[in-house]
Amino acid sequence: MSKMDGLRAMREAKYAAAQKAAKASKPAARPKVAPDAKPSKAAAAAKALASDPGPAAASEELCGHRNMSGRTCTREAGHAAKSHRYS
Ligand SMILES: [Zn+2]
């Protein structure tokens, strides 16, 4: 009985260690991949929201599309909106 308990305890300890290792490795791997590889719709929306109120912050990444009167689109680069904004 005690032998079995010891074996089970060892197995559980190993399992817990493996779980911990898996959990520890995940958060470290995620930030590397998430921002660049897959810009999700939510991320794009957050980006649009973030760049909307502050023209100064958005000035780095602009669509740059020009309309007929020579004005430049002030939306963020690759904006989801179909229309360009010249304000
Ligand atoms: Zn545009």
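Please read all numbers here as calculations on a predicted model, not as lab measurements. (Residues numbered from 1 in each chain as written. Predicted model: local features only at pLDDT ≥ 70, side-chain atom pairs only at ≥ 80, totals over all residues. Heavy atoms only, no water.)

With that out of the way, let us pick up the overall build of the protein chain. Helix and strand content of the protein chain: 3 helices and 0 strands. When burial is assessed residue by residue, the protein chain has 7% of its 87 residues classed as buried. Excluding contacts between residues fewer than 6 apart, the proportion of contacts in the protein chain whose partners are at least 24 apart in sequence is 7%. As displayed, the protein chain has an accessible area near 7600 Å², and 61% of this comes from carbon and sulfur atoms. (Helix = DSSP H or I, 4+ residues; strand = E, 2+ residues; numbered from the N terminus. Buried < 20%, exposed > 50% of the residue type's maximum accessible area, 1.4 Å probe, protein only. Contact = heavy atoms within 4.5 Å. Areas by Shrake-Rupley, 256 points an atom, 1.4 Å probe, with all protein chains shown as cover.)

A few words now on the coordination of the zinc ion. Taken together, the protein donors to the zinc ion comprise Cys63 (SG), Cys73 (SG), His79 (NE2) and His84 (ND1), at separations of 1.8 to 2.4 Å. Each of the 4 donor atoms around the zinc ion contributes to a set of angles spanning 104 to 114°, which defines the coordination as tetrahedral. Counting residues between consecutive donors of the zinc ion along the chain gives the motif C-x9-C-x5-H-x4-H. Residue Cys63 is found in the segment after α3 (55–58), and its partner His79 is found in the segment after α3; the two are separated by 16 residues along the sequence. For Cys63, a relative accessible area of 28% corresponds to the partly exposed category. A relative accessible area of 13% means that His79 is categorised as buried. (Donors = N, O, S within 2.8 Å, 3.2 Å for Na, K, Ca; no water. Tetrahedral: all angles 85-135°; square planar, octahedral: opposite > 155°, others 65-115°.)

Model confidence for the protein chain is summarised by a mean pLDDT of 77, while 67% of its residues fall at 70 or above. Per-element confidence in the protein chain ranges from a low mean pLDDT of 49 for α3 to a high of 75 for helix α1 (residues 2–37). (pLDDT = per-residue confidence, 0-100.)

What follows deals with the environment of Lys41. Relative to the elements of secondary structure, Lys41 occurs in helix α2 (residues 41–51). Residue classification places Lys41 among the exposed positions, given a relative accessible area of 79%.

With that out of the way, let us pick up the side chain of His79. Side-chain polar atoms of His79 contact the backbone oxygen of Ala81, separated by 2.8 Å. One polar contact links His79 to His84, side chain to side chain, over a distance of 3.1 Å. In contact with His79, not counting residues within four places along its chain, are Cys63, Cys73 and His84. (Polar contact = N/O pair within 3.5 Å; in protein donor to acceptor, adjacent residues only side chain to side chain.)

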